[in-house]
Amino acid sequence: MNSPTLFKSPKILETSAFPEDASQPSVTDSRNPLSLRLFKVLGARYDDPSTREALEILSSLYVSATPTSTVDHKRRRSGNQKHSVDTKASDSEEETELKPTAMNTASTREKELIISEGAARARKNLRSDMEIKLARTSQMFLAAFSEVNQNLDQLQKQIDAMQVQCDTAQTQIQETNVACKHLLERANVLRLQRQATNAKKDAIASFLSQFTLTEQEDAAVTSPKVAVGPQVFAAIDRCEQIREDCLLLSTIEDGETKAGVEIKALMDSKLESGYEKVFIWVQDEFRQLARDVHTEPSSALREAIRKLRSRPALFNEALGSLSQIRQNTLQSSFIAALTKGGPGGYPRPIELHAHEPTRYVGDMLAWVHQATAGEREFLDGIFGVNSDGRMVGSVRMFDKGAITEEEGYIRELLDSNLEKLCSPLKARIQQTIKSQEGSVTSYKITNILQFYQTTMKRTIGEDALMTETLQEITDMSLKAFFETLRSHGRSMLRFLHSPEADLAPPVALRESCMILREVMQVYSLSLVEDETQEQRIAGFHDVLEGMVQPMLNMCTTMANLMKKPGTSPETDMTAWDRAVFMINCLVYIESVLQPYDFTAEKIKDLTSQMDKNMRIIVEAHFESTIEESGLATLVAAADDPDREMPLSRVAGCSSQNVTASLQSFDNFLSTLDVLTSSHLSLLSLPRLGTQIHRAVLKRVALAYDRLCKAIRDPKNKYEFAGTLLGGRRPFGQIGTLLQVLGLEAIEQETDDYAS
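Just so it is clear, the model here is predicted, and its values are computed rather than measured.

A.B. asks: Mind showing me how you'd approach the overall build of the chain here?
C.D. replies: Helix and strand counts for the chain stand at 25 helices and 0 strands. A buried classification covers 35% of the 755 residues belonging to the chain. Across the chain, every contact between residues at least 6 apart in sequence was considered, and the portion connecting residues at least 24 apart equals 74%. Counting every atom, the chain has about 45700 Å² of accessible surface; 54% of that belongs to carbon and sulfur.

In structure tokens:
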């Protein structure tokens, strides 16, 4: 509230009330109480907050409640005519003033007048006003406290009445307590007994809930009306848990209690009933599965099998029943596939293709393989075995120390389930094998058997009955195949004749090579990618030996028919033709083997035999060529290690003979074909003729070089050796002879045939 301040400044009061010389009190006034009071008041400071607050409160008390109209009214009542006249004059002046400045001046004067009047009233009536207010306030307090006092008196009366009632109640309670003390003690005893009884009840209830079955669980284990399912399995698990808790209870209490023994015996009886119920249900399910080979086992059946594993006797009996059922089912399905075919006659019966041995055997083995895969999948579903991450067709691991218990059961059952397929499969394949006479068909059947035998070994293991049966059939098929090869080899040697005039491979050899080509093609198509080169060679080694060796024997026998009886190797003139015939036969066989990498070792053997015959041809061709050249006598004499006399003294080696021989050699060089020879035209491979001819020319050049060295040797006593050699080509120069023959330096050649 912004009210005018009653006292604006102490300085104004000092200036307006006292002269300037009054600030210093005189000695005479120093003891005057009024003076001392005045000096104290005038000398006080009004700047502190408490003083200013008190002055503002005082100013608001007198100034705010004293507007101009009120002041005028009081002035008229007090009879102060002077102030009244002044006020009226002031009012009239305010009414006549119209300008803003005059109005502001009047307002300021009015405020100053209000402040002055309020200050005057305060100086005059302050004490009396304060006393009046204090009296009024005291009266108000007295009235309020009087009412409070009356209320307190009334409250005291009520408290006294309540105290009387409480004392009466306390007396009655004490009397009742004394009278009922025996009852309270009895009630306390009963309460304690009830607490103990409740604790025992809770303990018994907890014990029964832990060691007994509910009605639903008991019915699930014993009643035939409850179907085998999760409820039965949960009840069996509950019985197993109670039985384990009984064993644990006996260990805690240092021995079996009567209750533990009885509960354990009861649970054993319940478990036997439950497992017997599950066993009967499993057998019924197995019979249902026998109706359809491709039926998927249910989750309840998988759980039942898992439960029965804790009862080995029932489990093994159930597996035996399953094996017997699956054996009969697979056997019936196999016979139906052989004779009736699929549903609606498609696929057609397998035995309709019995006239095609390869397809017949392949279809039977394919059906068995498919049935094996289906049976494996069925057993995986029975035992709840998930996929092991193995890709289709990849090799299974058969480490006995690494397989799980479920895997062991599956393999044992799979081997047992396929047992009844072995006998009809073996009988039909054996009959098919025995009826075959052709080598190619026999090998195709053998190859199919080897493929499926390897596949089954990787799928169900090499110890499985089906694998052993296929191995037995494969061995028998191989035996029959090799018997066919031996029979074919004997037939090739039965009607032999001398080679034809062109020394070409005989017809029998070409026919046998056609058979060999077909067999190798079949083998190459059956190779597995993960087989090494050594495995491929070893897998076909026996077959290759059994087919190629009879061919070589036939060729050797036919070549020997060209040899005249009683002829020594030195005088035998047919060695050349025999060697050419053998080379032609070997080249033909090698051309058949060349496209296949698994025949590399056999090709090496054929190449070795070919080199042997080529050496025979090289030797014969060299003798013929050196004879044609006219140097045969001189070269033979020069190379004779037993010669003791000089070469010029040997008959036929005189200077005249040397001159004549060199003349003949010069003429020979003039007519010589350095690329080939007409004597080698019967070789089926021209490249070999060129190779042999060049090897012979090298040997001729070497012989001429040795002859020239012998003629120049002083020990042989040729006069004018240089003139003797320089009269005809090649003038005693081996380099010139090599150029004439179209050969390079002999020192740079490493040809076995030129040695």
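A.B. asks: Even after reading the chapter, I still don't get the environment of N328, so can you show me in this structure?
C.D. replies: Checked against the element boundaries, N328 lands in helix α11 (residues 312-339). Looking at N328, the relative accessible area reads 32%, which means it is partly exposed. Between the C-alpha atom of N328 and that of A290, which follows or precedes it by 38 residues, the distance is 8.4 Å.

A.B. asks: Explain the packing of α11 against helix α13 (residues 405-417) to me, please; I cannot follow it from the model alone.
C.D. replies: A pair of packed helices is characterised by two quantities: the angle between their axes and the separation of those axes. The interhelical angle for the contact between α11 and α13, taken along N-to-C directions, is 40°, at an axis separation of 8 Å. Taken together, the axis directions place α11 and α13 in an arrangement best described as oblique. Like other packed secondary-structure pairs, α11 and α13 cross with a definite hand, here right-handed. Counted together, F315, L319, L322, S323, R326, Q327 and L330 of α11 and Y409, L413, S416 and N417 of α13 form the full contact between these two elements.

A.B. asks: What exactly am I supposed to notice about the pattern of salt bridges here?
C.D. replies: Pairing between side chains becomes possible if they bear opposite charge and their charged atoms approach one another. This structure, assessed with the given rule, holds 23 salt bridges. A salt bridge links E303 to R306; the shortest N-O distance between them is 2.3 Å. Taken together, the positions of E303 and R306, both in helix α10 (residues 299-308) and 3 residues apart, correspond to about one turn of that helix. Residue E303 is classed as partly exposed on the basis of its relative accessible area, which comes to 23%. Judged by relative accessible area, which is 45%, R306 ranks as partly exposed. In the salt-bridge network here, residues are joined through shared partners; they are D237, E303, R306 and K307.

A.B. asks: Quick question: what am I supposed to make of the side chain of S526 here?
C.D. replies: By secondary structure assignment, the location of S526 is in the loop between α17 (507-525) and α18 (533-560). One polar contact links S526 to N447, side chain to side chain, over a distance of 2.8 Å. Within the structure, the side chain of S526 is placed 2.8 Å from the backbone oxygen of Y523, a separation counted as a polar contact.

A.B. asks: Looking at this structure, I do not really get the packing of helix α12 (residues 357-383) against helix α14 (residues 419-434). What am I missing?
C.D. replies: Across the interface, α12 lies against α14 with an axial gap of 10 Å and an inter-helix angle of 165°. For the element pair α12 / α14, the angle class is roughly antiparallel. You can see that α12 and α14 cross each other, and the crossing is left-handed. Only L421, L425, R428, I429 and T432 of α14 make contact with α12, whose side of the interface consists of P357, Y360, V361, M364, L365, W367 and V368. Partitioned by chemical class, the residues of the contact of α12 with α14 number 10 nonpolar, 1 polar and 1 charged.

A.B. asks: Could you clarify how one ought to interpret a nonpolar patch on the surface in this entry?
C.D. replies: Residues F141, F145, V148, L152, L155 and I159 make up a contiguous nonpolar surface patch of about 590 Å² in total accessible area. Among the structural elements, I159 can be located in helix α6 (residues 100-211).

The rules behind these values
- Residues numbered from 1 in each chain as written.
- Predicted model: local features only at pLDDT ≥ 70, side-chain atom pairs only at ≥ 80, totals over all residues.
- Heavy atoms only, no water.
- Helix = DSSP H or I, 4+ residues; strand = E, 2+ residues; numbered from the N terminus.
- Buried < 20%, exposed > 50% of the residue type's maximum accessible area, 1.4 Å probe, protein only.
- Contact = heavy atoms within 4.5 Å.
- Areas by Shrake-Rupley, 256 points an atom, 1.4 Å probe, with all protein chains shown as cover.
- Axes fitted to C-alpha atoms, helices over the stretch in contact; angles between N-to-C directions.
- Parallel < 35°, antiparallel > 145°, perpendicular 65-115°, else oblique.
- Left-handed = near helix turned anticlockwise from the far one by under 90°.
- Salt bridge = Lys/Arg side-chain N within 4 Å of Asp/Glu carboxyl O.
- Polar contact = N/O pair within 3.5 Å; in protein donor to acceptor, adjacent residues only side chain to side chain.
- Nonpolar A, V, L, I, M, F, W, Y, C, P; charged D, E, K, R; others polar.
- Patch = residues over 30% accessible without salt bridge, like charges linked within 9 Å, V, L, I, M, F, W, Y side chains within 5 Å.

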